[in-house]
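Take a look at the letters that make up each chain.
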Amino acid sequence: MVGTENLNVGHHVVQFYGRDEELAERVTDYLLGALDGGGVAIVIATPEHRREFETRLGQAGVDLAAVRDDGSYLALDAGRTLRGLMAEDKLDPAAFDRVIGAVIRRCGAGGRPVRAFGEMVALLWDDGLVNDAVQLEAMWDELGRRHPFSLFCGYRADSATRDIDAFAEVCRLHGEIVGSRPGATRTFAFSREAPAAARRFAVATLGAWGAGDLADDAALVVTELAANAIVHARSAFTVVLSAHDDLLRISVRDASPLAGAGPRAAPLHGLGAVDALASRWGVESLGNAGKTVWVDLHR
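Reference entry: report on the structure contained in this document. Remember, predicted model here, so these are calculated numbers, not experimental data. (Residues numbered from 1 in each chain as written. Predicted model: local features only at pLDDT ≥ 70, side-chain atom pairs only at ≥ 80, totals over all residues. Heavy atoms only, no water.)

## Quick look at the packing of helix H1 (residues 20-36) against helix H2 (residues 47-59)
Alright, step 1. Orientation of H1 relative to H2, taken along the N-to-C sense of each, is 55°, at an axis distance of 9 Å. Regarding the angle of H1 to H2, the classification is oblique. For the pair H1 and H2, the crossing hand works out as right-handed. Contact residues: Asp20, Glu21, Leu23, Ala24, Glu25, Val27, Thr28, Leu31, Leu32 and Leu35 in H1; His49, Glu52, Phe53, Arg56 and Leu57 in H2.
Alright, step 2. By residue class, the composition of the contact of H1 with H2 is 8 nonpolar, 2 polar and 5 charged. (Axes fitted to C-alpha atoms, helices over the stretch in contact; angles between N-to-C directions. Helix = DSSP H or I, 4+ residues; strand = E, 2+ residues; numbered from the N terminus. Parallel < 35°, antiparallel > 145°, perpendicular 65-115°, else oblique. Left-handed = near helix turned anticlockwise from the far one by under 90°. Contact = heavy atoms within 4.5 Å. Nonpolar A, V, L, I, M, F, W, Y, C, P; charged D, E, K, R; others polar.)

## A short note on helix H10 (residues 194-208)
Alright, step 1. The end-to-end C-alpha separation of H10 is 21 Å, in line with the 21 Å expected for 15 residues at 1.5 Å each.
Alright, step 2. Where the residues of H10 are buried, they touch strand S9 (183-188), helix H11 (215-233), strand S10 (237-244) and strand S11 (247-254).
Alright, step 3. Just downstream of H10 lies Gly210, where phi reads positive at about 75°. (Expected span 1.5 Å × (residues − 1).)

## What about the pairing of strand S6 (residues 114-118)?
On a regular strand, each side chain points to the face opposite its neighbour's, so the side chains alternate between the two faces of the sheet.
Alright, step 1. S6 sits mainly inside the fold: 5 of its 5 residues count as buried.
Alright, step 2. On S6, burial covers both faces: Val114, Ala116 and Gly118 on one face and Arg115 and Phe117 on the other are all buried.
Alright, step 3. Relative to strand S7 (residues 150-156), S6 runs parallel, the two being bridged by 4 bridges. Paired with Arg115 across the bridge in S7 is Ser150. (Buried < 20%, exposed > 50% of the residue type's maximum accessible area, 1.4 Å probe, protein only. Pairing = 2+ DSSP bridges.)

## Some remarks on the environment of Ser150
Alright, step 1. Secondary-structure assignment places Ser150 in strand S7.
Alright, step 2. Once the C-alpha coordinates of Ser150 and Phe117 are considered, the two residues, 33 residues apart in sequence, prove to be 8.5 Å apart.

## Details of the pattern of salt bridges
Alright, step 1. Per the counting criterion, the structure on display carries 15 salt bridges.
Alright, step 2. For Arg50, the salt bridge goes to Asp77, with nearest N and O atoms at 3.2 Å. With Arg50 in helix H2 and Asp77 in strand S3 (residues 73-77), this residue pair connects regions lying 27 residues apart in the sequence. Asp77 matches Arg50 in its accessibility class, with the two residues each being buried.
Alright, step 3. Across the salt bridge formed by Asp254 and Lys291, the nearest N and O atoms sit 3.1 Å from each other. Taken as a pair, Asp254 in strand S11 and Lys291 in strand S13 (residues 291-298) lie far apart in primary sequence, 37 residues in all.
Alright, step 4. With a relative accessible area of 11%, Lys291 lands in the buried category. (Salt bridge = Lys/Arg side-chain N within 4 Å of Asp/Glu carboxyl O.)

Coordinates in, geometry out; function isn't part of it.
What follows is the structure, given as structure tokens:
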């Protein structure tokens, strides 16, 4: 977990929140970090959330009229902006770059740090368009590889966990997760000590979630997948933990592209032990960016 006050350019962060007040508190701190640091704060949100954020910014001493006039604060309607990204009821990457890309480039001109909050993805998700939400997250990610800015996304926790596969993908697409639930992610550098560090991260996270009964199984799974990333992929790796009801998903992403049919489980050791513990598991290709091995554990 991270505090939003410490976010630097390049972070892609998500909060899964239970109450609007939780979101408003985090987002206000995040936006203040941009405004106080001479940067630009961009808000793409529903009218209700924009009003709440701006009320809190005003209470914190921000002159909203002044920061609007000097270009330090830009507020857009999430629904209207989202409609501008669609072509024939589908997300259009060209429209995304034309609309969102142009905003990011303009606000970041001259090297000013940019922090954006967006909930277009949450609108798609709440409408049941989870694949579109994941696609839009990936577009934001690609834009972040071309232009420096930080992005904060917000999802309602009860809505976010309706689809564990899509939820785990959303967690994977974010560098950090804030809030108390229901996911956590951490990247580990390529080193001999990384699997042990990943195991400690998993055990500590599950303990904080009150899911210590899964700690032993999760420790074995994370250690095995992390060791595979170090020994076979020979790369740094990212561990994503996502929980929903009695299901825990463990995902480990490395930088080695998927070869052939992917890894196989040999009985009694390695992935065979993982296979014995898992209710299901699989491997997903990320193209030239590598692959993700995921494992589901039931309580």
